[in-house]
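Residues per chain are reported as follows:
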Amino acid sequence: MLNIVVCVKAVPDPKEACNIKIDPNTKTLLRCDVPMVLNPLDKNAMEAALQLKAKFEARISVLSMGPPEAGNIVKECLALGADQGFLLTDPAFGGADAYATAFTLAKGIEKIGSYDVIFCGMASSDGSTEWVGPEIATFLDLPVVTLVKEIVDCDGASWKVKASVENGYRLMQVELPAVLTVTRELNTPRTLSFSGIIKARKKEIEQWGVDELGVARETVGLKGSPTIVSELHAQEENKRQAEMISGTRDEKADLLVQKLVDAGVL
Amino acid sequence: MIDFTFTEEQEMFRKAAREFAETQVAPHIDEMEKTGEVSDAVVKALGEAEMMAITIPEEYGGLGLGYTERLIAVEEISRVSVATGMMLQVFALGIEPIVKFGSEELKKKYLPGLAKGEKLSTTAVTEATGGSDPTGIRSAYKKEGDNFILNGRKCFITNSHIADTITVLAKDEENPKAFCAFVLDKDMAGWKATHKEHKVGMRGCNTGELAFENCEIPATQLLGEEGKGLRVTMAAIGDVGRGGMVGVALGLQAACLEESIKFANERILYGKPIAALQTIQNKLADLKIDLEAGRLLGYRAAAMQDKGQRSSNEFAVAKYYTTEACQRAAKMAVDIHGGYGCMEEYAVSRYLRDSYVVGPSAGTSDIMKVIIGRWVLS
Amino acid sequence: MGTDHSAVWVIAEQIDCHLQSVSLQLIGRARKLADQLGTSVEAILLGDKIEEQARQLIAAGADRIYLGDAPELAVYQPELYTEIVVKLARAHPPEIILIGSTDMGRELAPLVAARLQTGLTAHCIDFVLDKEMILEQRIPAYGGLLSIICPEKRPQMATAAKGVFPTPEPDDSRTGETMMIDIPTHLPGRIKTLEIIREEPEGVPLETAATIVAGGAGAGDNEGWKEISELAATLNAALGSTRPAVDEGWTELETMIGQSGKMVSPEVYIGVGLSGEQQHMVGVVGARVMIAINNDAKSPIFEQVDYGVVDDCREFIPQLIKKIKAYQEKQVTC
């Protein structure tokens, strides 16, 4: 039985992300009006797990750290085909940087108990550090491959995967259990299905807080974060006053060509 | 206190239907508009996404969900393609009579294939002499031993050329007050799809004529009681058909509003987006009001239907309201777009053409008012 | 060394014995930070036959190089590289560690940071010392600039991309010390790099291009993207992108310009169907002329460019390409 854990995150919908502002007092994000969705790259992580489940006998646990509303995306993963869900939720987990997030998720994975491969999206669309996957691996003393774009050989306990490098790849041999962070190139995520949603009715989501994880409050959340936001500056804007080129489409194209000539492009 | 919110699960169904429509149906719209033909890829995708299985009971391979979930699916799909929403909703009109009135053998014979989308279905009631008034039909049957022999023609039948099974309403040759509903399938000889209509809108949804010539229908294909076919039509086709039109209309209304908002924010006149102009805001408000009202009417009727209550009148109200509203919505959307609204590249021009076909489908607005009038006076 | 602060480190990177420019750029920045802190700049360089590269790091401003020079270090090996850096950091604890946000750096940095139980900041566009001489790691976010600090844990770690900082002028008269490091043995051996394959990138490279055409979500679909790509080709420009275009699958991550992508400094920048989102625009530095085409007159891009066209790029770009080709043909025949 292949035990798979997929770490997922609820993020503000990237399509509406431009509406998000920073709270100047707490220096954290005010996410209120924008709906929370499953982090896009986590869909690729889920898809990788589901494809393995189609090949081998496997059990998929999905794990997320977030506010209670994040339970929706865990449910969505159950509807996609995960077997059980775990939500790490507690006010003490709030304000965590990548380190504290990875630490907490690692504790959650330890509590789940069995894991052969742990999938993460390579980055979240909001924080976008790319640190959580490798740091989880370090806390669990596991090898990690980041930017996985292809799983070449997954028969047995030693896998071959291709990780993305600029203009190419590195071919990695990695022993399970291991952490793999995935790119968009790895697969095309399936969409929700009606029957998947129905099957999810029978699946459970467990909620764990500080007590269930057995962690000290100073090691998680804002308190457990080595980095903090100290200042918010107004950016020196790259402000230019655009001269608008107008007219019919034809006229605009002609005028723009002239500008390109003046700029030395043509 | 009435709870007007959808459940978490229903929101997930909506999300799944929307994702499906945007990724699997949207890419084929151009082709459907050009050819007017049903897209095989879309039909296949609908089957794989289990869209035909929604109201089929689980024991026959369906999802066993209710009319609310069905309305959500039709609404979301119609928001992207009215033609596809219409095709889907009419599949259900060939399915519902079997579920409600079919014998166990008929259910086992047809429902699993229909649920998978391997077989497609439709209903054939309307004729040149009666659509809104089914008692005016002329297609007739006579009993001959273990078979019924059917003769006649049906017109304006959605999915006429793609259906594998058809629920047909015909009257007794000898007794004009007796009607029967049958399930026909392609194994039976004596019927065929003949003329294909070329519609100005809802392109990608097939509409056409069916002809029956001494078509031999085994008696086992009868739905409900012999002579009581009108009951089948009203109970299984009427409400479900109207409910489906509500979904189609709501989807179209939502699309009109979304496109209008987008355009109003982008189009600059007098140095500002036209969304700043009160006349445009009025139109957007009208679109919004109609959408809110239509949704409440539609989902109220579907909720009643889910509870097993009689909902024909409520669906007549919802059908009338939303199909009229979607025609207003399409015209308003085109107006907001100004000259661009007449151009093929702009989706709203398609919405306008689609809206013309939504109106008279599954009963004209005038007939809905007759029904509602009767309700009021009863 | 008799200073209050320990050294500023750079984890340098070589590929096929070519020192990566980001490493030199970070040495340059580290030099400035170290001078303010009154301390030294030290670099770790791992590879095979890389003595010359070590000298380049000194010429760029490093005082000491920890050199791992062995065949098994030729390519990035996660376990080995992490172990070496962690051991060195424990033996000679630095104040600050800077790493280039290359594909190697973005994996090695968190592995080291988690082992050292310290903080790490990603994709910084500036490093400044605050009043307490703590490193302010600045990143652009949501219309502002965030300063992130690691007030207590040491070392303070951060990554920055190529092109954020200028490449320092090499000073060959500079001297420094090179310390050979021991290569650890007896590692668990649970992960191994078997091979690294790189191809020559197609088209004009972004970092050196004089003209860049960048496309965004406004392309709409693959067809729309092809038009934008053709515009770039017609102008002999490099093709760039924003994250939405990469996420939609129209183009590769390599073309992405911005905070988590590439930093570029073209002469002329043409943004097509993108809204001037901060995460992208921060990657475009010092362009002489900036042009944008977007169908939304209210788009923030028009506050950041010199010339703007409001139009649906899917309709406008093909027309523009026609006009450009017509102009180019005239030039040939005149």
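Cut-off values and rules
- Residues numbered from 1 in each chain as written.
- Chains lettered and ligands numbered in written order.
- Predicted model: local features only at pLDDT ≥ 70, side-chain atom pairs only at ≥ 80, totals over all residues.
- Heavy atoms only, no water.
- Helix = DSSP H or I, 4+ residues; strand = E, 2+ residues; numbered from the N terminus.
- Rg over C-alpha atoms; globule rule 2.2 N^0.38 Å.
- Buried < 20%, exposed > 50% of the residue type's maximum accessible area, 1.4 Å probe, protein only.
- Contact = heavy atoms within 4.5 Å.
- Buried area = accessible area lost by both parts, 1.4 Å probe.
- Salt bridge = Lys/Arg side-chain N within 4 Å of Asp/Glu carboxyl O.
- Polar contact = N/O pair within 3.5 Å; in protein donor to acceptor, adjacent residues only side chain to side chain.
- Nonpolar A, V, L, I, M, F, W, Y, C, P; charged D, E, K, R; others polar.
- Core = buried A, V, L, I, M, F, W, Y, C linked by side-chain atoms within 4.5 Å.
- Pairing = 2+ DSSP bridges.

Draft legend 1. Spotlight on the overall build of chain C. Across its full length, chain C holds 8 helices and 18 strands. Since a compact globule built from 334 residues should have a radius of gyration of about 20 Å, the 22 Å found for chain C is in line with a globular shape. Principal-axis analysis of the C-alpha atoms gives chain C an extent of 65 × 45 × 40 Å. Counting only residues that meet the buried cut, chain C has 59% of its 334 residues in that class. Taking all contacts inside chain C whose residues are at least 6 apart in sequence as the whole, residues at least 24 apart take part in 63%.

Draft legend 2. Quick peek at the interface of chain C and chain A. Contacts between the two partners involve 85 residues from chain C, matched on the other side by 67 residues from chain A. Between chain C and chain A the total buried area reaches about 6900 Å² when both faces are included, carbon and sulfur atoms providing 58% of it. At the boundary of chain C and chain A, one finds 10 salt bridges. Counting across the chain C and chain A interface gives 32 residue pairs in polar contact (both at pLDDT 80 or more).

Draft legend 3. How the structure looks around the interface of chain A and chain B. Each partner contributes to the interface: chain A provides 13 residues, whereas chain B provides 15 residues. Regarding the contact of chain A and chain B, the summed buried area is about 1400 Å², with carbon and sulfur atoms giving 63% of it. Looking at the side of chain A facing chain B, the largest losses of area belong to A:Leu192, A:Phe194 and A:Ile197, adding up to 46% of the total buried there. At the junction of chain A with chain B, the criterion picks out 3 salt bridges. The partner of B:Glu9 in a salt bridge is A:Arg201, and the shortest N-O contact between them spans 2.6 Å. Where chain A touches chain B, the interface holds 5 residue pairs in polar contact (both at pLDDT 80 or more). Among the residues making up the side of chain A that touches chain B, the classes are represented as 5 nonpolar, 4 polar and 4 charged.

Draft legend 4. The arrangement of the nonpolar core in detail. One finds A:Ile4, A:Phe119, A:Phe194, B:Leu46, B:Met51 and B:Leu184 to be the most contacted residues of the largest nonpolar core, which totals 164 residues. Excluding residues within four positions of it along the chain, B:Met51 makes contact with A:Phe194, B:Ala17, B:Phe20, B:Leu46, B:Ala73, B:Ile77 and B:Leu88. The next biggest cluster of nonpolar side chains, apart from the first, holds 59 residues, and it includes A:Val144, A:Val210, C:Val86 and C:Ile99.

Draft legend 5. A look at the pattern of salt bridges. In this structure the tally under the stated criterion is 59 salt bridges over all chains. Here A:Glu76 ties to B:Lys15 by a salt bridge, and the two come within 3.1 Å at their closest N and O atoms. Of this pair, A:Glu76 sits in helix H2 (residues 71-80) while B:Lys15 is found in helix H1 (residues 8-25), placing the two residues in two different chains. Of the charged contacts in the structure, one is a salt bridge between C:Arg243 and C:Asp247, with a shortest N-O distance of 4.0 Å. Within this pair, C:Arg243 and its partner C:Asp247 are both found in helix H6 (residues 243-247), separated by 4 residues, close to a single helical turn. For C:Arg243, a relative accessible area of 29% translates into the label partly exposed. With a relative accessible area of 39%, C:Asp247 lands in the partly exposed category.

Draft legend 6. The arrangement of the pairing of strand E2 (residues 140-144) of chain B in detail. Residue and element names in this part refer to chain B. Bridge count for E2 against strand E3 (residues 147-158) is 5 bridges, and the pairing is antiparallel. For Lys143, the partnering residue across the bridge sits in E3 and is Phe148. With antiparallel pairing between neighbouring strands as the criterion, E2 and E3 make up a hairpin whose turn holds 2 residues, including Gly145 at a positive phi of roughly 65 degrees. As defined by bridge partners, E2 adjoins strand E4 (residues 165-172) across 2 bridges and the pair is classed as parallel. Bridging from a neighbouring strand, Ala140 pairs with Lys171 of E4.

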